[in-house]
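Close look at the chain arrangement
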Amino acid sequence: MSRLSLPSDSESDSVALAPEAAIVLRQFRVVFNAVKSHFQRVESQSGLGGAQLWALSIVSRHAGTEVGALAHAMDIHQSTASNLVRALVKKGLIRSVRDEDDRRVVHLHATPEGQALLANTHGPFAGLLPDALQRLDADTLARLHADLGQLIAQLGVEEVGAAAQTPLAEP
């Protein structure tokens, strides 16, 4: 595949998109629209946002997990995981149980209502994009990582950390 030749900053507002750039833009549109459609379908089926559904599915599969482990599994900040847990507890879909030995530790469990909701919702619960990425081979992931790193640099994104740990399914 040849290198893309993108217009310079001064040219980018007045020149039509290069054909190679247009092709890649269309690919991003396909990805974003597939992700958006999946989240809309999941929310319609379950009444939950995509991140909440993913969190519920992890808690269901790993009874007794802690908020930190949930955050790690979802690759999100612990405060974001805490907010997801709080919402799911409020909806009665998970329950939190304090550890008997260390009262600071909270173990999470799906309720029967949470289990039923999962049984009636079609996955992938992690979302379409994380599921697809998980199925790619290591070489493809390495190329994507490098190439998307270049794209992020071109975007001039300065605060990558917070954005990188915000689930796509959350506003």
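Please read these numbers as outputs of a predicted model, since none were measured by experiment.

If you walk through the whole model with that rule in mind, you get 2 salt bridges. The closest approach of N and O atoms between Arg104 and Asp102, which form a salt bridge, is 3.0 Å. Accessibility expressed as a relative area gives 70% for Arg104, which makes it exposed. Judged by its relative accessible area of 25%, Asp102 falls in the partly exposed class.

What follows covers the packing of aromatic side chains. Overall, the coordinates contain 1 aromatic pair when judged by the stated rule. Summarising the aromatic geometry, the rings of Phe28 and Phe32 are spaced 5.7 Å apart at their centres and angled 35° between planes, so their arrangement reads as tilted. In this pair, Phe28 and Phe32 both sit in helix α2 (residues 19–46), 4 residues apart, roughly one turn of the helix.

Its 18 residues give helix α8 (residues 138–155) an end-to-end C-alpha distance of 25 Å, which sits within 8% of 26 Å, the value for a rise of 1.5 Å per residue. The N-cap residue of α8 is Asp137: its side-chain oxygen and the backbone nitrogen of Asp139 are 3.1 Å apart.

The next point concerns the nonpolar core. By size, the foremost hydrophobic cluster in this structure holds 24 residues, and its most contacted members are Leu48, Leu56, Leu70, Met74, Leu88, Ile94 and Leu108. Every element with two or more residues in this core is listed here: α3 (50–61), α4 (67–74), α5 (78–90), β2 (106–110) and α6 (112–119). With sequence-adjacent residues up to four places away left out, Ile94 is seen in contact with Leu56, Val59, Val85, Leu88, Val89, Leu108, His109, Ala110 and Thr111.

Time to look at the side chain of His107. The residue His107 is located in strand β2 in this model. Exposure remark for His107: the relative accessible area of 18% places this residue in the buried category. For His107, the side chain forms a polar contact with the main-chain oxygen of Gly64, separated by 2.8 Å. Of note is the side chain of His107, whose polar atom sits 2.8 Å from the side chain of Asp99. Ignoring anything within four residues of it in the chain, the contact list for His107 reads Gly64, Thr65, Glu66, Arg95, Ser96, Val97 and Asp99.

Turning our attention to the packing of α3 against α6. Two numbers describe how α3 lies on α6: the axes approach to 10 Å, and their chain directions differ by 115°. Taken as axis vectors, α3 and α6 run roughly perpendicular relative to one another. Here the hand of the crossing between α3 and α6 comes out left-handed. Residues Leu53, Leu56, Ser57 and Ser60 of α3 form the contact with α6, whose participating residues are Gly114, Gln115, Leu117 and Leu118. For the contact of α3 with α6, a count of residues per class yields 4 nonpolar, 4 polar and no charged.

Turning our eyes to something else, we now look at the environment of Leu141. When you line up the elements, Leu141 lands in helix α8. Since its relative accessible area comes to 32%, Leu141 is described here as partly exposed. In this view, Leu141 contacts Leu133 and Leu136; residues no more than four positions away in its chain are not counted.

Before going further, it helps to spend a moment on the packing of α3 against α4. Each pair of packed helices gets described by two things: the angle between the helix axes and the distance between those axes. Here α3 crosses α4 at 120°, and the two axes come no closer than 10 Å. On the basis of their axis angle, the class for α3 and α4 is oblique. Our pair here, α3 against α4, has a crossing hand that is right-handed. Across the interface between the two elements, Ala51, Trp54, Ala55, Ile58 and Val59 of α3 pack against Leu70, Ala73 and Met74 of α4. Here the residues of the contact of α3 with α4 sort into 8 nonpolar, no polar and no charged.

Calculation notes
- Residues numbered from 1 in each chain as written.
- Predicted model: local features only at pLDDT ≥ 70, side-chain atom pairs only at ≥ 80, totals over all residues.
- Heavy atoms only, no water.
- Salt bridge = Lys/Arg side-chain N within 4 Å of Asp/Glu carboxyl O.
- Buried < 20%, exposed > 50% of the residue type's maximum accessible area, 1.4 Å probe, protein only.
- Phe/Tyr/Trp six-rings, centres within 6.5 Å; stacked < 30°, edge-to-face > 60°.
- Helix = DSSP H or I, 4+ residues; strand = E, 2+ residues; numbered from the N terminus.
- Expected span 1.5 Å × (residues − 1).
- Polar contact = N/O pair within 3.5 Å; in protein donor to acceptor, adjacent residues only side chain to side chain.
- Core = buried A, V, L, I, M, F, W, Y, C linked by side-chain atoms within 4.5 Å.
- Contact = heavy atoms within 4.5 Å.
- Axes fitted to C-alpha atoms, helices over the stretch in contact; angles between N-to-C directions.
- Parallel < 35°, antiparallel > 145°, perpendicular 65-115°, else oblique.
- Left-handed = near helix turned anticlockwise from the far one by under 90°.
- Nonpolar A, V, L, I, M, F, W, Y, C, P; charged D, E, K, R; others polar.

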